[in-house]
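A closer look at the structure
Okay, here's what each chain looks like letter by letter:
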Amino acid sequence: MKIGSLMNLSIAMQALRVNKMRSILTMLGIVIGVAAVIAMIAIGGGAQQRLQEQIASLGSNLLIVVPGSIIQSGARLGAGNAQTLTEQDARAITTEIPDVAFAAPLTRSNAQVVFGNTNWATNINGVYNDYFDVREWNLAEGRFFDQGEITRFGKVAILGKTVSSQLFGEDNPVGQVVRIRGIPFEIIGLMESKGQSSQGQDQDDVIFVPLTTGRNRLFGEPRGRIARVGTIMIKAQEGSDTQEVEARITELLRQRHRIQPGMENDFQVRNLTEILKTQEAASKVMSMLLAAVASVSLLVGGIGIMNIMLVSVTERTREIGLRLAVGARGRDIMMQFLVEAMTLATLGGAIGVLLGVLISWLVAYIAGWSISLNLLSIIFAVGFSAAIGIFFGYYPAKKAAKMQPIEALRYE
Amino acid sequence: MALISAQNLVKSYGQGDLEVRALNGVSLDIEQGDFVAIIGASGSGKSTFMNMIGCLDQPTSGVYELAGQQVSELSVDALADVRNRRIGFVFQQFNLLARTSALENVAMPLLYAREGPLSNLTKHEQLAHAKHRLEQVGLGDRLSHTPAELSGGQQQRVAIARALVNDPALILADEPTGALDSKMTIDIMHLLRRLNHEGMTVIVVTHEPEVAAYANRVVTFKDGQIIDIHINDHPVGKSEMAQAPL
């Protein structure tokens, strides 16, 4: 059969050209719908991608134990005010809970770091090498602490990227000496950049010293048998249930700290991975919700097309009669209007994709949100709008095809 | 053999006591190259008859043959094909596509050509063919004008060019001058006369005796039947045609 879709396309394009303003307004519904869907998926996808990056940068299966609140003279002090955790706790967690891969103790402080005539206020973290295992954090230059430095409170330091670039610019800091609280420290390593944490902190703005050095030379704590630490970072074995590990740690520390049943913990176990995963799930739900709302506007756009096509069919009854009289079959008329509706919808969809991509970029540029455009959602949006064209164009087209030439020609 | 052969055509609506016969046993033969006017008051059945011979409608009973083809039993789609190949329609209200050029209007029926020499034309060839037909009706200089930019007479000429574009066996004009003033009426009837002179079979449905005067034969309808067939000895415009072709 010769009556191809190409011919229908040219008839449709002609009809749309003839009613330019109406065609544009009809398309607008689909344009807005598709643009909204694309932008929502891009923005939602971007938020999820960012969360996933944060999970990756945090290290997987991570738990953190921080001191809890204690009661001093009847006043409840906030979490972290007391030092209730010890290195022995960390060691016990590693040895007694099989699912724990590492339990790295950590003590934090702040200090001004001086090099030559520049200085920089930063975090001083006292750690052992297992901390870097927990965080899955690698050296960019130099080496980690050796055993001698740990036992003899060696005056050595490993810099984070931010501190290094503040003090040394682009130069390699390894081998240089900086002063922390007046004490000279030799720089033995430089960490890779880790970027922002999930709370938006710069994780690279940090100097690592051996925990023993920190305790004995910098943090001003009494020497003694009980080695207090600020927090313990724990990495559970791959594939283990972090919630189960969390419960085991709680149980173990309650025993070690001799906390009676019914009494409040003097520590808190935070399951960081779980928190981020919850956030991710929430953002997924949110973006699906947004996409669903945007889809409603697609539906409304489709109904707009049906509305205009019905008007168009009625208005062009005589044209339909004429076409039938000169030899068009019902099928031809049907195809003509179907193709017209589909052209409207697909064209609107294509414009909507452009607009959606533009909006996404603008959001990324102005609000600084990360976006994730994926080809699949674009193809889906265009395909879906064509389907809307067929679906909502079918009824008006069928109505047109059923007309009788004599009555259609006489229609006033 | 006659181009059109209608035998005892009946078209009735309703059933039993309520039955109304729009056509009540009409028989008529029209030869190739004839110029026939069909007249009658409204409700006389002349429009129904025209719909029959135009293959727009099927008779309730009777036999209708167009160019030797039994039409009265064809399917709806086959009827559409017959209309496309054999018949050129001219309507009272011109029925041109608005905001569409004269050339596109004339070429439109070619889109639906499924068989015959005109069915495989490229878009370019279709437009060339349409241009030729527009030149034939004297509108070679108005190709890109839209209907709104043309006078009533010119619009009807475009419609006639459209009727010609499929190289039909006959032109079927339903009140072609009903919407035109007397000067334009003369203009259009002369054009139809000339086309007939060039060999086209023309059938005009009208209620104006002045228009019917152009035809070789005048068939009068009343109450669904033919009551008179009058042969014009001197149809208007025929003698001029021989001397001065337009």
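Conventions adopted
- The residue numbering used here restarts from 1 in each chain and proceeds along that chain's sequence as written.
- Chain A is the first chain written and ligand 1 is the first ligand written, with later ones labelled in order.
- Totals for whole chains, interfaces and linings use all residues, but because this is a predicted model, local features are given only for residues with pLDDT of at least 70 and pairs of side-chain atoms are given and counted only at 80 or more.
- Whether two residues are in contact is decided by their C-beta atoms, placed from the backbone, lying within 7 Å.
- Note on conventions: DSSP H or I runs of at least 4 residues are helices, E runs of at least 2 residues are strands, and numbering of each starts at the N terminus.
- Note that Gly is not counted as nonpolar here; it falls among the polar residues with everything else outside the nonpolar set of Ala, Val, Leu, Ile, Met, Phe, Trp, Tyr, Cys and Pro and the charged set of Asp, Glu, Lys and Arg.
- The angle between two axes is taken between their N-to-C directions and runs from 0 to 180 degrees, where each axis is a line fitted to C-alpha atoms and a helix contributes only its stretch in contact.
- Any angle that falls under 35 degrees is termed roughly parallel, while one over 145 is termed roughly antiparallel, one within 65 to 115 roughly perpendicular, and all others oblique.
- Crossing handedness is read from the near helix: turned anticlockwise from the far helix by less than a right angle, it gives a left-handed crossing, and turned clockwise, a right-handed one.
- Exposure classes come from backbone-placed C-beta atoms, where a residue is buried if 20 or more other C-beta atoms lie within 10 Å of its own, exposed if 12 or fewer do, and partly exposed in between.
- An automatic or database domain assignment supplies the start and end points of every domain.

So, about the interface of chain A and chain B. Taken residue by residue, the interface counts 19 residues in chain A and 20 residues in chain B. If you list the elements that add at least two residues to the side of chain A that touches chain B, you get helix 1 (5-18), helix 10 (317-325) and helix 13 (405-410) of chain A. The element contributing the most residues to the side of chain A that touches chain B is helix 10 of chain A, with five residues. In the side of chain A that touches chain B, the residues fall into 12 nonpolar, two polar and five charged.

Moving on, we get to the packing of helix 11 (residues 330-366) of chain A against helix 12 (residues 375-401) of chain A. All names here are of chain A. It is at 7 Å that the axes of helix 11 and helix 12 come closest, and there the two elements cross at 150°. By the angle class used here, helix 11 and helix 12 are roughly antiparallel. Once helix 11 is placed against helix 12, the crossing between them reads as right-handed. A class-by-class count of the residues in the contact of helix 11 with helix 12 yields 22 nonpolar, eight polar and two charged.

Glancing now at the environment of Ile150(A). Residue and element names in this part refer to chain A. Structurally, Ile-150 is set in helix 5 (residues 147-151). Given 16 C-beta atoms within a 10 Å radius, Ile-150 is considered partly exposed. With 120 residues separating them along the chain, Ile-150 and Ile-30 place their C-alpha atoms 67 Å apart. When near neighbours in sequence (up to four residues on either side) are disregarded, Ile-150 contacts Tyr-128, Phe-145, Pro-210 and Thr-212.

Now for the domain arrangement of chain A. Here chain A is described as being made up of domain 1 (5-54 + 278-410) and domain 2 (83-265). The centre of domain 1 of chain A, based on its C-alpha atoms, is set 57 Å off from the matching centre of domain 2 of chain A.

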